[in-house]
Amino acid sequence: MTTATVPESWQRGRAFLGVRHAVMGGAMSWLSEHHLVAAISEAGGFGVLATGSMPVELARQEVRAVRALTDKPFGINLIVMNPALPEFVTMVIEEKVSHCVLAGGLPGKETIEALRMAGVKVMLFAPSLALAKRLVQRGADALIIEGHEAGGHVGPVSTLVLVQEILPHIREVPVFVAGGIADGATTAAMVALGAAGVQVGTRFVCATECIAHEKFKQRFIQAQARDAVVTVQFDPVLPVIPVRALFNKGTEQFNRLQLQLVQEVREGRKARGEAQLELEHFWAGALRRAAIDGDVEHGSVMAGQSVGMVRSIQSAASIIEELIERL
Ligand SMILES: Cc1cc2nc3c(=O)[nH]c(=O)nc-3n(C[C@H](O)[C@H](O)[C@H](O)COP(=O)(O)O)c2cc1C
């Protein structure tokens with residue numbers, strides 16, 4: 001890849017992230033810890049630390065552990081609905097992390113301002129064009145659009161539709177595309193459509209440097225695209241964010257818990273917010289059970305539809321090489 005042939009949008013993404021390849025390793029709770037993050041960044045991509053439901057001091061240690069392994073840029077992913085968000089923001093500023101991805105909700109103006117005032121670049125998820133415009137006004141330094149194909153918590157609209165809806169109309173900030181991206185041709189296509197880069201999660205699960213349990217990785221290698229299904233919401237009284245995972249007994253367990261919580265909310269025995277938080281805790285625990293402990297039957301095997309294109313365990317560097325080979 002020579003500089004002369006590099007598309008302008010990709011150049012913009014590389015400059016924004018400060019990396020050779022504008023390939024973000026999407027934060028994955030429990031898995032995007034210092035080994036994987038450092039490996040992706042060392043290979044020229046942009047690793048993003050997941051903080052999920054971890055205590056803030058552990059997240060601080062993780063930041064330092066990444067720095068012990070690489071001097072390349074990386075980012076951190078914070079969950080907006082986490083009651084400890086202000087402490088995380090303070091930690092990110094204290095540790096001088098250069099980029100912060102805010103996920104799992106719409107962050108308040110004060111959160112964005114606090115980070116930006118400290119020189120942290122703020123990256124936000126935009127689920128529609130209207131919201132993308134509002135987020136730019138609110139101070140987002142970059143946006144990520146993530147389609148329904150992705151693994152983990154997902155929105156309702158496909159990547160293909162989101163890129164057409166949003167990419168041509170947002171020029172103010174770089175826009176990265178996530179959800180279902182698994183090969184070089186698709187990365188190149190996204191960049192040709194104006195993406196500043198891509199964010200990939202599912203393919204990095206089977207990176208050699210990823211600490212996922214061997215059984216978790218093997219499920220990924222065996223699975224087909226159609227096995228990665230989204231959960232359904234049973235009753236609008238309890239709105240739930242759909243989660244895409246390989247169907248198993250863990251999915252059935254989630255369904256039972258959701259039914260029980262719907263009943264409790266309907267009968268006024270539990271507040272809606274409390275029930276929603278309980279479901280999120282379920283996912284965090286279930287993902288850990290599968291990804292770290294290796295119980296891929298009862299835990300949650302969160303995976304995107306691109307799981308069908310995960311065929312082997314390879315180094316993060318060779319995954320990135322494949323993702324950029326057509327640029
Ligand atoms: C196992 C797993 C865990 C994830 N955890 C998080 C998370 O904690 N925070 C977040 O913002 N996104 C999370 N994601 C989404 C990824 O960061 C990324 O956006 C997504 O995987 C991209 O789509 P793909 O799976 O099709 O590559 C997760 C995805 C997976 C597969």
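Residues numbered from 1 in each chain as written. Predicted model: local features only at pLDDT ≥ 70, side-chain atom pairs only at ≥ 80, totals over all residues.

### Considering the overall build of the chain
Consideration 1: Scanning the chain from terminus to terminus reveals 13 helices and 12 strands.
Consideration 2: On C-alpha atoms alone, the chain measures out to a radius of gyration of 19 Å, which is about the 20 Å that the 2.2 N^0.38 rule sets for 327 residues.
Consideration 3: Within the chain, the fraction of its 327 residues that count as buried is 49%.
Consideration 4: In the chain, 64% of the contacts between residues at least 6 apart in sequence involve partners at least 24 apart. (Helix = DSSP H or I, 4+ residues; strand = E, 2+ residues; numbered from the N terminus. Rg over C-alpha atoms; globule rule 2.2 N^0.38 Å. Buried ≥ 20, exposed ≤ 12 C-beta atoms within 10 Å, placed from the backbone. Contact = placed C-beta atoms within 7 Å.)

### As for the environment of V237
Consideration 1: Along the chain, V237 turns up in the loop between β10 (228-230) and β11 (243-246).
Consideration 2: Placed 28 residues apart in sequence, V237 and V265 show a C-alpha to C-alpha distance of 7.3 Å.
Consideration 3: Non-local contacts of V237, meaning those with residues more than four positions away in its chain, are made with V262, V265 and R266.

### Examining the domain arrangement of the chain
Consideration 1: Segmenting the chain into domains produces domain 1 (3-211 + 309-324) and domain 2 (224-302).
Consideration 2: Distance from the C-alpha centre of domain 1 to the C-alpha centre of domain 2: 24 Å.
Consideration 3: Of the residues lining the interface, 10 residues belong to domain 1; the matching set on domain 2 comes to 12 residues. (Domains from an automatic or database assignment.)

### Points about the sheet that holds strand β8 (residues 175-178)
Consideration 1: One closed barrel holds the 8 strands; their spatial order is β1-β2-β3-β4-β5-β6-β8-β9, and the pairing between them is parallel. Going from strand to strand, the sheet's axes swing by 25° on average, the running direction of each strand aside.
Consideration 2: Bridging between strand β6 (residues 142-146) and β8 involves 4 bridges; their strand directions are parallel. Counted as the bridge partner of E146 is A178 from β8. (Pairing = 2+ DSSP bridges. Axes fitted to C-alpha atoms, helices over the stretch in contact; angles between N-to-C directions.)

### As for the pairing of β6
Along a regular strand, successive side chains alternate from one face of the sheet to the other.
Consideration 1: With 5 of 5 residues buried, β6 lies mostly within the body of the structure.
Consideration 2: Along β6, one buried face is formed by A142, I144 and E146 and the opposite face, lined by L143 and I145, is buried too.
Consideration 3: Looking at chain direction, strand β5 (residues 121-125) and β6 are connected through 3 bridges and run parallel. Opposite M123, over in β6, you have A142 as the bridge partner.
Consideration 4: Considered for its hand, the β-α-β crossover made up of β5, helix α6 (residues 129-138) and β6 is right-handed. (Right-handed = clockwise from strand over helix to strand, strands pointing away.)

### A few points about the packing of helix α2 (residues 34-42) against helix α3 (residues 56-69)
Consideration 1: Across the interface, α2 lies against α3 with an axial gap of 9 Å and an inter-helix angle of 40°. In terms of orientation, α2 and α3 fall into the oblique class. When you trace α2 past α3, the crossing you get is right-handed. The segment α2 lies against α3, with H34, V37 and A38 engaging E62, A65, V66 and L69.
Consideration 2: Per-class residue counts for the contact of α2 with α3 are 5 nonpolar, 1 polar and 1 charged. (Parallel < 35°, antiparallel > 145°, perpendicular 65-115°, else oblique. Left-handed = near helix turned anticlockwise from the far one by under 90°. Nonpolar A, V, L, I, M, F, W, Y, C, P; charged D, E, K, R; others polar.)

### Some points on the site of the ligand
Consideration 1: Taken together, 25 residues surround the ligand, and among them G26, G151, G152, G201 and G304 come closest.
Consideration 2: Across the shell around the ligand, the residue classes tally to 10 nonpolar, 13 polar and 2 charged. (Near = placed C-beta within 6 Å.)

### Concerning α2
Consideration 1: Counting buried residues along α2, 7 of its 9 residues qualify, which places the element largely inside the surrounding structure.
Consideration 2: Every buried residue belonging to α2 is among H34, L36, V37, A38, A39, I40 and S41, and all of these are buried.
Consideration 3: Tucked inside the fold, the buried residues of α2 contact β1 (23-25), β2 (46-50), α3, β3 (74-79), α9 (202-205) and α13 (316-324).
Consideration 4: Just downstream of α2 lies G44, where phi reads positive at about 100°.

### Brief notes about helix α1 (residues 8-17)
Consideration 1: Taken residue by residue, α1 has S9, W10, G13, R14, F16 and L17 as its buried positions. Projected down its long axis, α1 carries its buried residues within an arc of 165°, all on one side. In this structure, α1 carries E8 and A15 as exposed residues pointing more than 90 degrees from its buried face.
Consideration 2: Considering only its buried residues, α1 is in contact with β2, β4 (99-103), β6, β8, α8 (184-192) and β9 (197-200).
Consideration 3: Positioned one or two residues after α1, G18 has a phi angle of 75°, which is positive. (Arc of directions from axis to C-beta.)

### A word on the nonpolar core
Consideration 1: Formed by 101 residues in total, the largest nonpolar core has its most connected members in C100, L143, V175, F176, A195 and V198.
Consideration 2: When residues are assigned to domains, this core turns out to be shared by domain 1 (3-211 + 309-324) and domain 2 (224-302), each giving three or more. (Core = buried A, V, L, I, M, F, W, Y, C linked by C-beta atoms within 7 Å.)

### A few points about the environment of R266
Consideration 1: Its location among the elements puts R266 in helix α11 (residues 249-266).
Consideration 2: Looking at R266, the number of C-beta atoms within 10 Å reads 12, which means it is exposed.
Consideration 3: As for R266 and A316, which are separated by 50 residues in sequence, their C-alpha atoms are 47 Å apart.

### Observations concerning unusual backbone geometry
Consideration 1: Of note, W30 is a non-glycine position whose phi angle comes to about 75°, a positive value.
Consideration 2: Mapped onto the secondary structure, W30 falls in the loop between β1 and α2.
Consideration 3: At K96, a residue that is not glycine, the phi angle is positive and equals roughly 55°.
Consideration 4: Looking at where K96 falls in the secondary structure, it is placed in the loop between α4 (85-94) and β4.
Consideration 5: The class for K96 is exposed, based on 11 C-beta atoms found within 10 Å.

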